[in-house]
Amino acid sequence: MPQVKIITQLFGVEDSHRLPVYERHGGYQAIRKVLSGMSPEAVIEEVKKSRLRGLGGAGFPTGLKWSFVPKDSQRPKYVVVNADEGEPGTFKDRYIMMNVPHNLLEGIMIAAYAIGAHTAYIYLRGEYVHPRRRLEQAIAEAYAKGYLGENIFGLGYKLDVYIHVGAGAYICGEETALLESLEGKKGWPRLKPPFPATVGAFGCPTVVNNVETLSYVPHIIQRGAEWFASLGTERSGGARILSVSGHVRRPGIYEVTMSTTLREVIYEHAGGIREGRALKAVIPGGSSSPVLRAEEVDVACCFDALASIGSMAGSGGVIVMDETTCMFDALHNIVQFYAHESCGQCTPCRVGTGWLKRIMDRIGEGRGVPEDVDNLRAIAADMLGRTICPLGDAAAMPVMSFVDKFREEFEQHVREGRCSLRQTVREAVS
Amino acid sequence: MSVAFRSSALEKVQEIFRRYPDRRAAVIQLLHLAQEEFGYIGPEVERYVAELTQVPPVFVHQVLTFYGMFRTQPAGRHHIKVCRSIACHLMGATSVLEYLEKKLGIRAGQTTPDGRITLSTVECLGACELAPMMQVDDDFCGPLDEQRIDEVLEKLK
Ligand SMILES: Cc1cc2nc3c(=O)[nH]c(=O)nc-3n(C[C@H](O)[C@H](O)[C@H](O)COP(=O)(O)O)c2cc1C
Ligand code: SF4
Ligand code: FES
C-alpha cells in the first residue's frame, strides 16, 4: 500500500498550525457533528468500529478504553494526552503538534465529550519547547473563537485544556507514572488495577491517550468508521505514522496503512539503506521492541503481524541498522538507557537493569567471561512479567532478542575481548 | 524568606494554580518557572516552592531530584544537550560528544570557565530523524558533523 495522508494531509501547507488554515481544510467539522447530534455512546461505538488502537505503544483498542469510564460517576472526569514521546526512535507526535495542533485539540474535544470530561491535560515532555509554543498558540486561538471554554462552539459543552510540562524522565510516558507526575509528584508507576479509567488523575476516572491516537479521531468521525477500518488489517484499523531513523537515506515520518510492510517503508519511503549498504537488523516499534533480522522485514507494520513474529509494533519507531552495525554495541546502548531510566521502585527492574548494564560494560571492556552471554539472557528472562510497570519487560525483551538472534556476535566479543566487526570496518575504510 | 518571584511570575503562579484541583499538582510547573527565573534551583528556592504549593520541603526535594531537567547548580549562558540514545548512537553520537568535549575543553556535566556553555548528555529527545543531534537551549540541531557543530558554537555568545 502507498503512503496515506490523513493526519499528515496538511503537513507542508503554509501555516497549517493556525486555526483558520485548519478550519479551511475541513477542520473542526467533526466536533460540530458530534456536539450537534451524536450521543457519547454513539461516538464511542464509532471509534470501536474503526478499530483504532493506541499508538503510544500498547495498542489497546481506543473505543473499548473509553467505554470503561463509568457513566454514572458524579466525580469529575479527565482526558489526559500523552505527549511525553520518550521512547527512543519515536518522534511523530512532535510533528503532529508542530504541524496540526488543532487536529489534536479537536481529537481531545471529541474524547472529552465521549467520556463526559470537562478538563483535559496535555502532558508534554519538557524538552519540546517549540511544540509547546505551537500548542499554547493553538489553545489561545481556540479559546478566542469560543472553541474551548464554557460553551464550546455555542453547542452547550464546557471544556478547558491545559498543558502540563514534564521534566525529563522517560518513565513518565508510562500512563500511571504520567498521572503521578501530573499530580506534581515524582513519576513512580502505580500498581494496576485500579486502571486509570476508574481511578486516574486526582483519583477520578481518566482516559489517557497518545497524541497520534487522538489525532485520528476527528478523521474517523468525519469520514466514517468503515473507511478507517478498511484501510487497516483485521484487528488494527487505519493507518499510523511511523518514525524512521538510523541508517536509511531519508529518515523521517511516514504515514502508512497498517498493512504496509517494513520492507516497503525502509526501501521505498525511507529511500533504502545509506550508501548502498545491506540491511542487517530493524527495531520496529521503539527501543523496547524485540529486534528483527534483515530477512524478517516482509511483515506488515500492524500490531498483530509484528506480534506474530515475536516483536511489537509499539510506538512505531522504526530504527534501521545496516551491515556495519555492531549488535553488541547497539544493545549495550539500549541497556544503558533502561538502567538509567528505571525508576528503581521494584527490585527485579532496578537490580536487573543494573546487572545487565554491568555485564555489558564488562564485556565491552574486554573482560567478559563465557557465561556472560547466557547470564544476560537469564537475567532478562527473570525480569519478564515480574515488575510493577512494563518498563521491566521493555528492558528485558531487547536483550533476549539481540542475544537469540545475534548470539555469535556476543560470543565473539567475549572470546576476543574486542569488536572484530568494527575492526574489519575500520580496516576496510583505511 | 530571601527569594521571591517577581510580580509577573507571581501572576503566572496564580494562573498555574487555577489549572489543577490542588496546589501540589503545580510543584513541577513551579520548579520550571523557578528555573527560568533564577537559573537554577538552590535550597532556598526549593523551600520557597514548598511554601507556595503548601507541601513539605522534602516532597519538593524528592521531585526536584527525580527529574532530569532541573538544575541544582548555576549553569552556563547556553546549555548544550547531546543525545546519546540508540538512533543518535548509531549515527555517531559518540564522536559528536568527543568533538564537543575537545573543542570546549570540558567534559559532559561541566560548564566552560567563562560561563558560556554547559555541556550535558541526555536520552532520546524525540528528534531521531536529525541524528546525531543535540539540543542547544530551546532548539534541536542535527544531523551534526564537525562543521555543523563549529557553526552552531560560533553563534553562541
Ligand atoms: C516505560 C513506558 C514508556 C512509555 N512512554 C510513552 C510515551 O512516551 N508516549 C505514549 O504515548 N505512550 C507511552 N507509553 C504507553 C502508555 O503507558 C500508554 O499505553 C499510552 O499513553 C496509552 O495511550 P494510547 O492507548 O493512545 O496509546 C509508555 C509505556 C511505558 C511502559
Ligand atoms: S518496572 Fe522499573 S520502571 Fe517500572 S515501576 Fe518497576 S522499577 Fe520502576
Ligand atoms: S535517539 Fe537521539 S533524538 Fe532520539
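The model shown is predicted, which means the values in this text are computed figures rather than measured ones.

1. Section: the sheet that holds strand β10 (residues 317-322) of chain A
All names here are of chain A. Pairing within the open sheet is mixed, and its 5 strands lie in the order β7-β6-β10-β8-β9. Each edge of the sheet is formed by a strand with only one pairing partner; in this case those strands are β7 (252-257) and β9 (292-293). Most of the contacts of helix α11 (residues 262-269) go to β7, to which it runs at about 135 degrees, and overall it touches β6 (239-246), β7, β8 (279-283), β9 and β10.

2. Some points on the interface of chain A and chain B
Chain A puts 56 residues into the contact, and the matching count from chain B is 38 residues. Between chain A and chain B, the buried area comes to about 3,600 Å², and carbon and sulfur atoms account for 58% of it. R94 of chain A is paired through a salt bridge with E129 of chain B; the nearest N and O atoms lie 2.7 Å apart. Put simply, chain A and chain B have 26 residue pairs in polar contact (both at pLDDT 80 or more) between them. Residue assignment for the side of chain A that touches chain B shows that the elements contributing at least two residues are α5 (92-99), β2 (119-124), α7 (129-144), β4 (157-165), α8 (175-182), β6, β10 and α13 (327-341) of chain A. By residue number, the principal contributor to the side of chain A that touches chain B is α13 of chain A, which donates 7 residues. Here the residues of the side of chain A that touches chain B are counted per class, giving 26 nonpolar, 19 polar and 11 charged.

3. Considering helix α4 (residues 57-66) of chain B
Residue and element names in this part refer to chain B. Along α4, the residues that are buried comprise F59, V60, V63, L64 and F66. Buried residues in α4, looked at end-on, bunch into an arc of 165 degrees, giving them a common side. In α4, the exposed positions that point more than 90 degrees away from the buried face belong to V58 and T65. Residues of α4 that are buried sit in contact with α2 (27-38) and α3 (43-53).

4. Considerations on the side chain of Q412 of chain A
Residues and elements named next belong to chain A. On the secondary structure map, Q412 appears in helix α17 (residues 407-416). In terms of polar contacts, Q412 uses its side chain to reach the backbone carbonyl oxygen of R418, at 3.1 Å. If near-sequence neighbours (up to four positions away) are discounted, Q412 is found in contact with G417, R418, C419 and S420.

5. Observations concerning the domain arrangement of chain A
Residue and element names in this part refer to chain A. What the domain assignment lists for chain A is domain 1 (7-231), domain 2 (239-322) and domain 3 (327-429). Placing a centre on the C-alpha atoms of domain 1 and another on those of domain 3 gives a separation of 36 Å. Facing the 12 residues of domain 1 at the interface are 9 residues of domain 3. Summed over both sides, the interface between domain 1 and domain 3 buries roughly 870 Å², with carbon and sulfur atoms accounting for 72% of that surface. On the domain 1 side of the interface with domain 3, the three residues burying the most area are Y170, W188 and P189, jointly 54% of the side's total. Inspection of the region where domain 1 meets domain 3 yields 0 salt bridges.

6. Describing the sheet that holds strand β1 (residues 78-83) of chain A
All names here are of chain A. Read from one edge to the other, the open sheet built from 5 strands follows the order β3-β4-β2-β1-β5, with strand pairing classed as mixed. Looking at the sheet topology across the chains shown, the edges are occupied by β3 (149-152) and β5 (206-210). The sheet shows a mean angle of 25 degrees between the axes of neighbouring strands, direction not considered. Pairing between β1 and β5: 5 bridges, direction parallel. What sits directly across from V80, in β5, is V208.

Rules used throughout
Residues numbered from 1 in each chain as written. Chains lettered and ligands numbered in written order. Predicted model: local features only at pLDDT ≥ 70, side-chain atom pairs only at ≥ 80, totals over all residues. Heavy atoms only, no water. Pairing = 2+ DSSP bridges. Helix = DSSP H or I, 4+ residues; strand = E, 2+ residues; numbered from the N terminus. Contact = heavy atoms within 4.5 Å. Axes fitted to C-alpha atoms, helices over the stretch in contact; angles between N-to-C directions. Buried area = accessible area lost by both parts, 1.4 Å probe. Salt bridge = Lys/Arg side-chain N within 4 Å of Asp/Glu carboxyl O. Polar contact = N/O pair within 3.5 Å; in protein donor to acceptor, adjacent residues only side chain to side chain. Nonpolar A, V, L, I, M, F, W, Y, C, P; charged D, E, K, R; others polar. Buried < 20%, exposed > 50% of the residue type's maximum accessible area, 1.4 Å probe, protein only. Arc of directions from axis to C-beta. Domains from an automatic or database assignment.

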